[in-house]
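# Summary of structural features
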Amino acid sequence: MSARNRELLALVPVAVLLIAGFTAVFITRSDEIGDLSLIYGGYFFALCLVAHLFLRFRLPHADPYLFPLCALLAAIGLVVIYRIKDDLAFDQASVFVLGLVLFCLTIVLLSDYNVLERYRYLIATAGILLLLGPFITRNQVNGAYLSVDIGPISFQPAELAKICIVIFLASYLAEKREMLSVAARRIAGLTIPPLKHFGPLLVVWGAAMLMLVFIRDLGSSLMFFGAFLALLYVATGRLSYVLIGLAMFAIGSLVLGNNISHVHDRFEIWLDPFAGNAPEGAGQIQQSLFAQADGGLFGQGLGESLLKLPGPFAPDCQQPFPECGSILPTPHTDFIYAVITMELGLFGACAVILIYALIAARGFKTAVMAPDGFSKLLAAGLTAIFALQAFVIIGGVTKVIPLTGVTLPFVSFGGSSIVANMILLALLLLVSDRARRPPPEPSQPGPTDLERAPA
Amino acid sequence: MNKPIVRIYVLVVLLLATPVYFTSKWAVFDAEELEGKSANRRPLIEEQQIPRGSITTIDGALIAESLPEGGGRNPVYVRGYPEGSLFGNPVGYSFVDVGRTGIESAENDLLVGEDNEFASIIDQLRDEQPAGADITLTIDSEAQRIATQGLQSAISVPGTGAALVAIEPATGAVRTMASIPGFDPNAVQSDNTFKQLQSDESAPLLNRPTQSTYPPGSTMKVVTAAAALDSGEFEPSTVLNADSPKQISGIELQNSGGQSFGDIDMTTALTNSVNTYWAQVGEQLGPETMVTYMKRFGFYSDPELDYPGDQMAPSGVYNSDGDLVEEGFDVGRVAIGQGGAEGQLLATATQMAEVAAAVGNGGTLMEPTFLQQAKDPDGRTIEELGDGDEQDQVISEESATQLTEMMTNVTREGTASGLSVGGVEFAGKTGTAEIDLEGTNQPWFIAFAPSQDPQIAVAATIERCQGCFGGEVAGPIATDVVESLLSG
């Protein structure tokens, strides 16, 4: 079966799952099964078909599983968001349409994605500006600088910045990898590259630390720095760089963590969210754990668990649910994983994690198959930062690491996240298509595909 | 470049596996601990979304109901108490912000429908909203009203209280439990009034019948008599010299009014509540025998009542540190319901009602209970008061019969001769414990009626009553309640 047919086939169960999910929410809401869920499912499938047909024409050889896996995440996200509040799901669905447009545009405009290498410093500058945007506009939410408000739209520039940074690092390292790995000196068993080449890497470390200072968000800097180390390792194959980098990051974040009160508080809360003197904000992670505790093995069922505070418990709200009046804060963005655990149980939550692991597998496979250094680094970097983002937020919600506010890719509610991840997916598919394209047969005007098939 | 990519993939998988481990910790392994955290309001809120069962008295008065509040798709149910302060004690209250007390707490599992695992699974399968069981109490609302009004009118010193308990001897069913001062459980909802109630010096939230211990005075002589008869060391006709004063534990003990009775038998000694006689009985029995019989009556531990443990106090001999002691006390004075520096006898009204009930039930003490019946939302009876549960055979039937006759004599011609219960013969014992030398007393009355076929046992007491005597103050209230219960 051809790659595209496999992709088409894989999209069918995704649409069925979406219909089932919406139906489940309907039943708990109104005790009746309308055909509305079928209509939603139909729309969703139609959208997926559009993307699929587009891929069939533009990138026929691209990995067949990446898109269905992401669609699966999107379906889960839509169902859960619909369960939280139906209006939000419609907003989210419209964002997906926009995302799809940008997805297609990316594939058309960057069909030769090597052009990116030419603009790498421009892209890097754009990425850094994007990251600093919330700080420049002094838009602080929960102590961190993570979003920019443009009119009514709140935009999370880190989402786009992550792609810019990965593109820059991939292109920079693709060029410098020889020097970084070959012209190295060994000091006390550690391989140290010449400062001249190592300098820019120190700059990246410094940038990550600055990010911690400026945007005050440990999770985002962990995500960026982690992707950087992954790329450095892929480029040079030297574990010592990674270890030095990790040590530097650990030391830097410890020192800064103790001095930036917001980061320090997050740390304290992480160590013991139930401590009597836990800083303000400990309630968030407490509620997250309580919600998960309500989930058990199989969850309470979609729409069956306690999320919206009933009448007398609901505070006086200026904002609509779920910004206010939810027992679990921001259930549709940061804590959507806790909602999934609560309603779909440990099994449902593990399924979501498994999907991320599968996407990572396909992404890294693309990197392995990619023909040139830049492509390899680009695919590996995008995959790494995607998986790291999932880890940072799931890990934060489950208290593996201190909580930070990043979105769960393709699942969380949020325009910037969806759009950015659609572009990321488009880039991965671009690399994948080139990697898997069968080598052209240069000589003799050969027979057509059909005629060749029986052989 | 491929090897590092594969390694990074392995690392990513390991990284993603850590939340799997943590999620299983929170969702499964540590779930119970998390659900028990005080910061976790989920169980409370979820419980409020279930309509709590109603509480009614045996004669049909609605004490507690669940009223939907907030409306819409998911209302919560808030407790309402139509009878107000009449049943504040012992029923208590149940509100999310302040918690639960009393019967609301003791019968919580029934009221929220958690008692029946199987039924709740069936409900889940049928997708029915779970609901709690409606319970009927053994309490009679009319008798409760009479008791409350009677005790209220007996209060002479502001800030003091009173208690009355009536029990069906054969089953242990608590038919009346009144505590003065009372409180309106509806008022507990509001934070302000709750704080006021908590800091009120007259302690209205205290369920005095189970929580407050007082010197039982001469009502204790029933216990002493039970021990004397049942141990075989005494007979109703045993004669002792009952002159006043007598040296008891080296200190002079007076009879009431300093009266000397000469040589009298036990029946006469109970009829006239002769302190010197009973103190000698106590000394002859010794602390060990006394404590043995007290324990059989239920002293030295919380009553076996379906009531929260933190709202019950054990009766017994307390030393000055507030600890129960079983030896080394002035047994002669304990035998007449007082005590000395080494140990003071203190008892709850519930305990003294159990004493009367045990004697009235042929020497068998039944476990006291409030629960007449519990019905699930479908109308199935899931629990019902049957013949009651036996707690202990305290004394032999023969001793009980002898003691009944002696106690009946108290109401015929003794300290309680001024009292009547609708013309039937009944058994009783007065008590008046001196609290200070200015005439502040703790009056008591315990009784069961009718003597021949006891249907109701009762104990009533009033705190720090100025110049009060058991037969005059506590007695009439108790007999009114008994009369009402007998006619009802």
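None of the values given here were measured: they were computed from a predicted structure.

Attention now goes to the overall build of chain A. In terms of regular secondary structure, chain A is built from 16 helices and six strands. Counting the 455 residues in chain A, one finds 56% classified as buried. Considering only intrachain contacts with a sequence separation of at least 6, the fraction spanning at least 24 residues in chain A is 72%. In the form shown here, chain A has an accessible surface area of approximately 18600 Å², with 66% of it arising from carbon and sulfur atoms.

A few words on the nonpolar core. Soluble globular proteins tend to bury their nonpolar side chains together. Membership of the largest hydrophobic core comes to 155 residues, with the highest contact counts inside it found for Leu73(A), Phe103(A), Tyr356(A), Leu378(A), Leu408(A) and Leu427(A). Excluding residues that lie within four positions of it along the chain, Leu378(A) makes contacts with Tyr113(A), Val166(A), Ile167(A), Ala170(A) and Val431(A). If you look at the next biggest cluster of nonpolar residues, it comprises 130 residues, including Val174(B), Tyr277(B), Ala416(B) and Ala474(B).

On to the state of the cysteines. Residues and elements named next belong to chain B. Under the counting rule described, the total for this entry stands at one disulfide over all chains. Here cysteine 465 pairs with cysteine 468 through a disulfide, and the sulfurs are 1.9 Å apart. Its torsion about the S-S bond being -50°, the disulfide of cysteine 465 and cysteine 468 is classed as left-handed. Here cysteine 465 falls in the buried class, since its relative accessible area comes to 1%. Judged by its relative accessible area of 8%, cysteine 468 falls in the buried class.

Each aromatic ring pair is summarised here by two numbers: the centre-to-centre distance and the angle between the ring planes. The tally for this structure, following the rule as stated, stands at 27 aromatic pairs over all chains. Measuring from centroid to centroid gives 6.2 Å for Phe22(B) and Trp26(B), while their planes differ by 55°, and the two rings are tilted. Note that Phe22(B) and Trp26(B) are positioned in helix 1 (residues 2-29) at a spacing of four residues, about one turn of the helix. Across this residue pair, the class does not change: Phe22(B) and Trp26(B) are buried. Here the aromatic cluster, defined as three or more aromatic residues joined through ring pairs, consists of Phe22(A), Phe26(A), Tyr40(A), Tyr82(A) and Phe90(A).

Now for the pairing of strand 3 (residues 76-80) of chain B. Residue and element names in this part refer to chain B. Across the five residues of strand 3, five count as buried, placing the element largely inside the fold. Of the pairings in the sheet, the one linking strand 2 (residues 62-69) to strand 3 comprises five bridges and is antiparallel in character. Following the sheet pairing, proline 68 is matched in strand 3 by tyrosine 77.

The tally for this structure, following the rule as stated, stands at 24 salt bridges over all chains. A salt bridge links Glu33(B) to Lys37(B); its shortest N-O distance comes to 3.9 Å. Under the relative-accessibility criterion, Glu33(B) is labelled exposed at 52%. With relative accessibility at 24%, the residue Lys37(B) sits in the partly exposed group. Among the charged side chains, a salt-bridge network with shared partners connects Asp63(A), Arg362(A) and Arg436(A).

Let's shift gears to the confidence of the model for chain A. Mean pLDDT for chain A: 84, with 87% of residues reaching 70 or above. When mean pLDDT is compared element by element in chain A, helix 13 (residues 336-369) of chain A scores highest at 96, while helix 16 (residues 449-452) of chain A scores lowest at 48.

Conventions and cut-offs
In this numbering scheme, every chain counts its residues from 1 along its sequence in written order. Think of it this way: whatever chain is written first is A, whatever ligand is written first is 1, and the rest follow in order. Local features in this predicted model are restricted to residues whose pLDDT is 70 or higher, and side-chain atom pairs enter the listing and the counts only when it is 80 or higher, whereas totals over whole chains, interfaces and linings include all residues. For the side-chain quantities, the full set of heavy atoms in the structure was used; hydrogens and water were omitted. By the criteria applied, helices consist of DSSP H or I runs no shorter than four residues and strands consist of E runs no shorter than two, each listed in order from the N terminus. Partly exposed describes any residue whose relative accessible area lies between the buried limit of under 20% and the exposed limit of over 50%, with all areas from a 1.4 Å probe on protein chains only and scaled to the type maximum. Only heavy atoms matter for contacts: two residues are in contact if any of them lie within 4.5 Å across the pair. In short, Shrake-Rupley with a 1.4 Å probe defines the accessible areas, and a residue's cover is counted only from the protein chains shown. Only buried residues count toward a nonpolar core. Its members are Ala, Val, Leu, Ile, Met, Phe, Trp, Tyr and Cys residues joined through side-chain atoms within 4.5 Å. What counts as a disulfide here is a pair of cysteine sulfur atoms lying within 2.5 Å. For this analysis, a ring pair means two rings from Phe, Tyr or Trp (six-membered ring only for Trp) whose centres lie within 6.5 Å, classed as stacked if their planes differ by under 30 degrees, edge-to-face if by over 60, and tilted for the remaining angles. Two strands form a pair only when DSSP identifies at least two bridges running between them. Between Lys or Arg on one side and Asp or Glu on the other, a salt bridge is scored when a side-chain nitrogen of the former is within 4 Å of a carboxyl oxygen of the latter. What pLDDT expresses is the predictor's confidence in each residue, scored from 0 to 100.

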